[in-house]
Amino acid sequence: MLIVDAVLETFDAADFVQWPVAEMPARRLLALSGRLSPREVGSALATLADHHSDASDRDGTVAGRKPIRPQGRP
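All values reported here derive from a predicted model rather than from experimental measurement.

J.: Tell me about the overall build of the protein, residues and numbers included.
T.: Broken down by element type, the protein carries 1 helix and 2 strands. Starting at the N terminus and walking to the C terminus, you meet the elements of the protein as β-β-α. A buried classification covers 24% of the 74 residues belonging to the protein. In the protein, 38% of the contacts between residues at least 6 apart in sequence involve partners at least 24 apart.

See below:
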């Protein structure tokens with residue numbers, strides 16, 4: 001039997017301040033289920049908000065988080 005889980009690839013949300021988030025490393029796959037803790041739900045919502053933010057608003061920041069810098073750039 002094949003079981004498929006919906007997952008989100010998380011980011012390092014240590015600097016996110018809009019609501020409580022779980023401490024988890026960046027690029028971790030978070031399986032979405034009814035067993036998530038409240039902080040894991042916060043991390044999932046923060047990830048979705050970051051991923052689906054309007055491209056015209058992208059100036060390197062996400063609401064409630066410090067500026068994002070691409071790897072290898074100052």
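J.: How would you summarise the confidence of the model for the protein if you had to cite specific residues and measurements?
T.: Of all residues in the protein, 70% attain a pLDDT of 70 or more, and the chain-wide mean is 77. The spread of mean pLDDT over the elements of the protein runs between helix H1 (residues 38-51), the lowest at 87, and strand E2 (residues 29-31), the highest at 91.

J.: Tell me about the pattern of salt bridges, and please be specific about residues and values.
T.: A side chain with one charge may pair with a side chain of the opposite charge, provided their charged atoms come close. For the structure on display, the rule yields 1 salt bridge. A salt bridge links Arg-27 to Glu-9, with the nearest nitrogen and oxygen atoms 3.1 Å apart. In this pair, Arg-27 sits in the loop between strand E1 (7-9) and E2 while Glu-9 sits in strand E1, placing the two residues 18 residues apart along the sequence. Using a relative accessible area of 64% as the deciding quantity, one classes Arg-27 as exposed. A residue is classified by how much of its surface remains accessible, and Glu-9, at 41% relative accessible area, is partly exposed.

J.: Got a sec to walk through a nonpolar patch on the surface? Specific residues and values, please.
T.: A cluster of nonpolar side chains, namely Trp-19, Val-41, Leu-45 and Leu-48, defines an oily patch on the protein surface of about 320 Å² accessible area. By the secondary structure assignment, Leu-45 is in helix H1.

J.: Any chance you could break down the nonpolar core for me, citing the residues and the numbers?
T.: Among the nonpolar cores identified, the biggest contains 6 residues, and these are Leu-8, Ala-22, Met-24, Leu-30, Leu-36 and Ala-44. Not counting residues within four places of it along the chain, the set of residues in contact with Met-24 comprises Thr-10, Phe-11, Asp-12, Leu-30, Glu-40 and Ser-43. Counting 5 residues, the second-largest nonpolar core is a separate cluster that includes Phe-11, Ala-13, Phe-16 and Val-21.

J.: Which residues make up the environment of Leu-32, and what values do they have?
T.: The residue Leu-32 is located in the loop between E2 and H1 in this model. Exposure remark for Leu-32: the relative accessible area of 36% places this residue in the partly exposed category. In this structure the C-alpha to C-alpha distance between Leu-32 and Asp-5, which are 27 residues apart in sequence, comes to 7.1 Å. Excluding residues that lie within four positions of it along the chain, Leu-32 makes contacts with Ala-6, Leu-8 and Ala-44.

What counts as what
Residues numbered from 1 in each chain as written. Predicted model: local features only at pLDDT ≥ 70, side-chain atom pairs only at ≥ 80, totals over all residues. Heavy atoms only, no water. Helix = DSSP H or I, 4+ residues; strand = E, 2+ residues; numbered from the N terminus. Buried < 20%, exposed > 50% of the residue type's maximum accessible area, 1.4 Å probe, protein only. Contact = heavy atoms within 4.5 Å. pLDDT = per-residue confidence, 0-100. Salt bridge = Lys/Arg side-chain N within 4 Å of Asp/Glu carboxyl O. Patch = residues over 30% accessible without salt bridge, like charges linked within 9 Å, V, L, I, M, F, W, Y side chains within 5 Å. Areas by Shrake-Rupley, 256 points an atom, 1.4 Å probe, with all protein chains shown as cover. Core = buried A, V, L, I, M, F, W, Y, C linked by side-chain atoms within 4.5 Å.

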